[in-house]
Amino acid sequence: MLAGLAIFHVTMAQSNPPATDTNWKSIYRAVPEKINDLVHAKIDARFDFNQSRMKGKVWLTVQPHLYPVNSLELDAKGMDIHQVALVKGSSNQPLQFKYDGWILNIKLDKSYQQNEKYTVYVEYTAKPNDLKAKGSEAIKDARGLYFINPKGEEKNKPTQIWTQGETEGTSVWVPIIDKPNQKCTDEITMTVPDKFVTLSNGKLASQKKNSDGTRTDTWKMDLPHSPYLFFMGIGDYAVVKDKYKNMDVDYYVDPEFASVAKGIFGLTPQMIGFFEKITGVNYPWNKYAQITGHDYVSGAMENTTATLHSDAAQVDARQLIDGNEWETTIAHELFHQWFGDYATTKSWSNLTVNESFADYSEYLWLEHQYGLDKANEDNIDQMEAYTGSPAQEEKKLVRFYYADKEDMFDLVTYQKGGRILHMLRKYVGDSAFFKGLNLYLNTYKFSNADANQLRLAIEQVSGKDLNWFFNQWYYGNGHPKLDIAYRYDDAAKKVVITVSQLQDGNLFKLPVAIDVYNGTSKQRREVWIENKVDTFVFAYKTKPDLVNVDAEKFTLCEKDDHKTLENFAFQFKNAQNYGDRREALAAAIREQQKPNALALLEAGLHDRYPGLRKMVLDSLDFRNQNIQTTFESSIAELAKTDKDPKVKGKALELLGFYKNPNYVSLFKQNINDSSYSVAGSALFGYTILDPSAGLVSARDIVKQPVRGKLAESVGIILMSLGGEEDFDNIAKTYSVLSGQEKLDAIDAFSAFLVRTQSTDKVKKGVDLIVDYRDHMSARNKDEIIPIINNVILKGIATQKSATKSGSTNAVELQKQIDYINEKIK
Ligand SMILES: [Zn+2]
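Given the structure is predicted, the values throughout are model-derived calculations rather than measurements.

Thresholds applied
Residues numbered from 1 in each chain as written. Predicted model: local features only at pLDDT ≥ 70, side-chain atom pairs only at ≥ 80, totals over all residues. Heavy atoms only, no water. Helix = DSSP H or I, 4+ residues; strand = E, 2+ residues; numbered from the N terminus. Rg over C-alpha atoms; globule rule 2.2 N^0.38 Å. Buried < 20%, exposed > 50% of the residue type's maximum accessible area, 1.4 Å probe, protein only. Contact = heavy atoms within 4.5 Å. Axes fitted to C-alpha atoms, helices over the stretch in contact; angles between N-to-C directions. Parallel < 35°, antiparallel > 145°, perpendicular 65-115°, else oblique. Left-handed = near helix turned anticlockwise from the far one by under 90°. Nonpolar A, V, L, I, M, F, W, Y, C, P; charged D, E, K, R; others polar. 1 Å grid on protein atoms, 1.4 Å probe; cavity = no way out; pocket = protein on both sides within 12 Å on 5 of 7 lines; lining within 4 Å. Points joined across faces, edges and corners; volume = space filled by probe spheres on them. Salt bridge = Lys/Arg side-chain N within 4 Å of Asp/Glu carboxyl O. Lys, Arg positive; Asp, Glu negative; His and termini not counted. Polar contact = N/O pair within 3.5 Å; in protein donor to acceptor, adjacent residues only side chain to side chain. Core = buried A, V, L, I, M, F, W, Y, C linked by side-chain atoms within 4.5 Å. Pairing = 2+ DSSP bridges. Phe/Tyr/Trp six-rings, centres within 6.5 Å; stacked < 30°, edge-to-face > 60°. Lys NZ or Arg CZ within 6 Å of the ring centre and 35° of its normal.

1. Brief notes about the overall build of the protein
Phase 1 of the analysis: For the protein, the count of helices and strands is 25 helices and 29 strands.
Phase 2 of the analysis: Against the 2.2 N^0.38 benchmark of 28 Å for 825 residues, the protein shows a C-alpha radius of gyration of 29 Å, consistent with a compact globule.
Phase 3 of the analysis: Dimensions along the principal axes, computed over C-alpha positions, put the protein at roughly 90 × 80 × 55 Å.
Phase 4 of the analysis: For the protein, with 825 residues in total, the buried portion stands at 57%.
Phase 5 of the analysis: Contacts in the protein between residues at least 24 apart in sequence constitute 69% of all its contacts with a sequence separation of at least 6.

2. Describing the packing of helix H6 (residues 372-387) against helix H7 (residues 412-428)
Phase 1 of the analysis: Running from N to C, H6 and H7 cross one another at 135°; their axes reach a closest spacing of 9 Å. Judged by the angle between their axes, H6 and H7 are oblique. H7 is crossed by H6, and the crossing has left-handed handedness. Contacts from Asp378, Asn379, Gln382, Met383, Ala385 and Tyr386 of H6 reach H7 at Val412, Gln415, Lys416, Arg419 and His422.
Phase 2 of the analysis: In terms of residue class, the contact of H6 with H7 is built from four nonpolar, four polar and three charged.

3. Some remarks on empty space enclosed by the protein
Phase 1 of the analysis: Under the definition given, this model contains one cavity of 30 Å³ or more.
Phase 2 of the analysis: By volume, the largest cavity amounts to about 30 Å³.
Phase 3 of the analysis: Every residue lining the largest cavity is listed: Gln472, Gly476, Asn477, Asn506, Leu507 and Phe508.
Phase 4 of the analysis: Residues of the lining of the largest cavity, tallied by class, amount to two nonpolar, four polar and no charged.

4. What about unusual backbone geometry?
Phase 1 of the analysis: Residue Glu166 is joined to Thr167 through a cis peptide bond whose omega torsion reads 5°.
Phase 2 of the analysis: With respect to the helices, strands and loops of the structure, Thr167 is situated in the loop between strand E10 (160-163) and strand E11 (184-193).
Phase 3 of the analysis: Positive phi, close to 55°, is recorded for Asp295, a residue that is not glycine.
Phase 4 of the analysis: With respect to the secondary-structure elements, Asp295 resides in the loop between strand E18 (288-293) and strand E19 (300-301).
Phase 5 of the analysis: You will see that Lys493, though not glycine, has its phi angle at about 55°, which is positive.

5. Description of the pattern of salt bridges
Phase 1 of the analysis: Applying the stated rule across the entire model yields 53 salt bridges.
Phase 2 of the analysis: A salt bridge links Asp250 to Lys241; the nearest nitrogen and oxygen atoms lie 3.5 Å apart.
Phase 3 of the analysis: With relative accessibility at 6%, the residue Asp250 sits in the buried group.
Phase 4 of the analysis: Given a relative accessible area of 51%, Lys241 falls into the exposed group.
Phase 5 of the analysis: For the salt bridge of Glu583 with Lys553, the shortest nitrogen-to-oxygen distance reads 4.0 Å. In this pair, Glu583 sits in helix H12 (residues 578-590) while Lys553 sits in the loop between strand E28 (546-549) and strand E29 (558-561), placing the two residues 30 residues apart along the sequence.
Phase 6 of the analysis: Exposure remark for Glu583: the relative accessible area of 15% places this residue in the buried category.
Phase 7 of the analysis: If you follow the salt bridges from partner to partner, you end up with Asp550, Lys553, Lys559, Asp561, Lys563, Asp580 and Glu583 in one network.

6. Focus on the side chain of Lys183
Phase 1 of the analysis: Mapped onto the fold, Lys183 is located in the loop between E10 and E11.
Phase 2 of the analysis: Buried charge Lys183 goes without a salt bridge, the closest partner of opposite sign being Asp341 at 7.5 Å.
Phase 3 of the analysis: One polar contact links the side chain of Lys183 to the main-chain carbonyl oxygen of Tyr342, over a distance of 3.1 Å.
Phase 4 of the analysis: Beyond its immediate chain neighbours, meaning those up to four positions away, Lys183 contacts Leu38, Pro224, His225, Ser226, Asp341, Tyr342, Ala343, Thr344, Phe446, Ser447 and Asn448.

7. Considering the nonpolar core
Phase 1 of the analysis: Counting residues in hydrophobic clusters, the biggest one holds 91 residues, and the most contacted among them are Phe275, Trp338, Tyr440, Phe469, Tyr474 and Ile497.
Phase 2 of the analysis: Leu601, Met615, Phe631 and Ile701 belong to the second largest nonpolar core, which has 87 residues in total.

8. What about the sheet that holds strand E6 (residues 97-99)?
The strands making up a sheet associate through hydrogen bonds between their backbones, and the pairing can be parallel or antiparallel.
Phase 1 of the analysis: Taken together, three strands build an open sheet; the order of strands is E3-E7-E6 and the sheet is antiparallel. On the outer flanks of this sheet lie strand E3 (69-75) and E6, each paired with one strand and no other. The sheet shows a mean angle of 20° between the axes of neighbouring strands, direction not considered.
Phase 2 of the analysis: The pairing of E3 with strand E7 (residues 103-112) spans six bridges and is classified as antiparallel. In the strand pairing of E7, Leu72 is matched with Ile106.

9. A few points about the sheet that holds strand E15 (residues 232-235)
Phase 1 of the analysis: Reading across the sheet, the four strands line up as E9-E10-E15-E12 and stay open at both edges, with antiparallel pairing between neighbours. Either end of the sheet is taken by a strand with one partner, and the two such strands are strand E9 (145-148) and strand E12 (197-200). Averaged over all neighbouring strand pairs, the angle between strand axes comes to 15°, with direction disregarded.
Phase 2 of the analysis: As paired strands, E10 and E15 are joined by three bridges and run antiparallel to one another. Bridging from a neighbouring strand, Ile161 pairs with Ile234 of E15.

10. Remarks on the packing of aromatic side chains
Phase 1 of the analysis: Counted according to the given criterion, the structure contains 46 aromatic pairs.
Phase 2 of the analysis: When the centroid spacing of 5.9 Å and the interplanar angle of 80° are considered together, the rings of Trp285 and Phe446 count as edge-to-face. Here the residue Trp285 occupies a position in the loop between helix H2 (268-279) and E18, and Phe446 occupies one in the loop between helix H8 (430-444) and strand E22 (447-449), the gap between them amounting to 161 residues.
Phase 3 of the analysis: The exposure class of Trp285 is buried, given its relative accessible area of 5%.
Phase 4 of the analysis: Measuring from ring centre to ring centre gives 5.4 Å for Tyr360 and Tyr363, while their planes differ by 15°; the resulting arrangement is stacked. Residue Tyr360 and its partner Tyr363 are located together in helix H5 (residues 352-370), separated by three residues, close to a single helical turn. For the pair shown, Tyr360 and Tyr363 are each scored as buried.
Phase 5 of the analysis: In textbook terms, an aromatic cluster arises when at least three aromatic residues are bridged by ring pairs, as seen for Phe274, Phe275, Tyr283, Tyr288, Phe335, Trp338, Phe339, Phe357, Trp365, Tyr440 and Tyr444.
Phase 6 of the analysis: Against the face of Tyr112 rests Lys110, its NZ or CZ located 4.5 Å from the ring centre.

11. Structural notes on the packing of helix H16 (residues 645-656) against helix H17 (residues 664-671)
In a pair of packed helices, the angle between the axes and the distance between the axes together describe the arrangement.
Phase 1 of the analysis: The interhelical angle for the contact between H16 and H17, taken along N-to-C directions, is 140°, at an axis separation of 11 Å. Comparing their axes, H17 and H16 come out oblique. Viewed along their axes, H16 and H17 form a crossing whose handedness is left-handed. Two secondary-structure elements touch here, H16 through Lys648, Leu652, Leu655 and Gly656 and H17 through Leu666, Phe667 and Asn670.
Phase 2 of the analysis: Split into classes, the residues belonging to the contact of H16 with H17 amount to four nonpolar, two polar and one charged.

Here is the structure:
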C-alpha cells in the first residue's frame, strides 16, 4: 500500500496533539496462531446501492493446521449473519454459531484432523457504513468495502464500488480468517448493473446477462494469496488493453481518461520485464490490471493482479509533459506482486518485508530507467523525509509493540526501510543482493516470511554474517548522527579525520568509503565507523584538496561535515556523485550571503541534472538584493532555454520579481506553453510584474479546462486579485487541484473567503475545503486535518467575527460564522 504521495510542507503550527494512551507498549503483537488454514473461498456478492450494503454468500473450504479442531473462528466485522451451515455434498447442515459483531465462532459437527478439509457456508449482509469500532464510534477509515456516490447524487463523480483489504478490511465484506499469514485460492462472483464493468483477482471466468438488467461476472484466482489482497472493483470504466509478452495488462480508468491511460500506465509492461530480470522470478500471476478509485482512502494498493490507484493518478496529457508523478507508485505496487503478494509478511510487525521492498523498487526503477542522478535524488529525498521526522527515531523497523497495526505504515517501514535495503545491497554487492532476493522469493512463495528469513537468504548467498546489520537496522531503532572533522598537519604531512557518533542510544557499525583527492586523482579507503569516536589518519605528500567521508552518500545518517566552502566547491566539481553535488550546493545555499558561495551556486544553476538546477532556484534568497542582481542573467537564460519544464517554470516565476518590462514578451509567449508548469509559472511571473494584466490573462485562461500548476496559478491569482464575480471559476479550479496543490492554494482561498460577502458563496467555498479535508489520504490526516479545522476554518470565522460589529452585513456574517463552526469537527 502507498499513502498519498505528497509530503506536505505546511509550516503552520499544529494544535491538539493526539491523546497519549500508552497501554499498547505492553501489548505484544504475536504472529497470528494458525489453527485452521484457509484453502479456498467462493464468494457470491450482490449489491444494494441504496443502502450501501452487500448481500453475500461464502463457501469457505478450510482444514486444521495441525491439531484436531471442532470449531472455526472467522473474522466478520459488523455483519448480519443469516445462516451458517456445513456443506455436505449437495445439502447444507446447519451449524451452531456465536457472533459478537466482530468474530463469528462456529461449532463444527465433529472433530476434524489435519488434512481433513471441510466447507462452511455463510449467508450474510455486509454493512460497511454502519460499522462500529470496538467502542461506539463509526469507522471511517477502514470500512473494507466502499460505495462511492452509490445513488448518483453527487454531480461530477462516478458511481463506483471498490474494496480496500489491507490491513484487515476484507472481513468487513466476507467472513474469513483475515490475517496475512493465511493464503487461499478464491472465486468471486459479482452481480452488478449491466452498464458497469467489474474487476477482481485472477481471470474473468464467466459473464452472464440476467433478465433484470444485471450481469453476473465470476473471477477466479487459482493461486493462493492472502485475504487482505482480495479485491472487487465495479463502475463505469474504460478498459484500456496492453500486453506483457502474452499476458493481459489492463488499465481501468474513467472514460474521459481513456486516451491518456497509456501515457499514465504505459510503462507497466517494461517494469514487469525489469522486475522479472532483477528478481530472477517471472511475474507470478496470470494478468495484471490497474484500476482507479474516486475518494480512495490511500495512495494505491497492491491487490493481487488488480492494483487500485487513487484517482489522483488520472492526469491529462499536458500534466504528463511535466513528468508522470505517479510512475514510482506504479512501480511500487507492481513490485508488491512479488514482495507482498507472492511472498507475504507473517504479521504486520514484519511489514518491512512487503513495504520496504516496494519502497526500494522505486529507486531500482528510477536507476534503471533514468540513471543514478534521479535514483539518488529519490534516495536522499526519502532519507531526509525520515530523518526530518524525529518521532520516527524511537521506532524499530520490525516492531512487536504498536498502538494500531495501521501505525506500521510509516516513514520507518517505507522510507527508512528502503534506504536500509540500499545499504544492504551496497554492502553485499549487487550479485549477492539480487540472488538473495531470488532465494527468498523462491523459498517463501505462496507463503509467509519475516525479516529473519530475509537475513538467512542473503547470508546463504553472500556467505557473510549479517546479524550485526539486521540487529542495528531491523531490530534496533534510530540512526547515526555523525560529526566529521578534519585536521590537516602540513608539518607531519598527514590528515586526521575524526568521526564522532553523537546520537543517544546505541552506536552504529558503518562500512564507509573515504576518498582523498589531490587534483583529479582520487584514492579510496574503505573503513569501518563503529566507536563513539573513530580517528583515521592518512599521510600525504601535498595537502589534499578534499577528504570525502561517506564517499557514496548512501549511509542512512544525519551528519555535520566540517568541510569548508572551498572543499565543497571542489567536491561539486570533482566528486560528481549526485549526493556530492547536492551536499555541496546545500552548503552554498546555507551560506549564500557569503561572496564565495556565489560561484558554486552559479555552477549549480548549470548542473547537468534538472533537479539540482531547480534546487538552487528554489533556495535563492530573493530578499537579498545582491543575490537577485548576481543571478538575473542566469535565471533569464534558464527561463528562455531550459529543456526541463519545472526548471524553466521556476525561472519564469522568479523572473517576475525583477519587475522588468523587458520580460513581458517572454512571459506572454510562455503562458501558452503546452507544459502546465511553464504556463502556470509564466502567468505567475507575469502577474507579479503586472498584476492587472495577469488577472486579465487568468480570467481568459480559465475559460478552458486547465489542471496542474496552471490551474493552481489561475486559482491563486483569481483568489488574490479577483472579486466575487470570479467565485465560480475559483471553485471550478480549486476542485481540479491535487491534494498538494489544494494545500498550496488554501491560504489564498481562505483570504478570499474572508473578503467574500455573499453567504451562499462563502458556504460553497467552505464546502470545498471541507470536501478536501474529508477525502484526504489516511497518511496525511493526522497532520493536516487539525490545521484545516483549527487554523484555516477557525481563522476565517474569527476574521469574520472581528468585522461583524457595526457592519451592515452583520446578520449575514453571523450566518457564515455559524455555518463554518458547524463544519469544524
Ligand atoms: Zn506498498
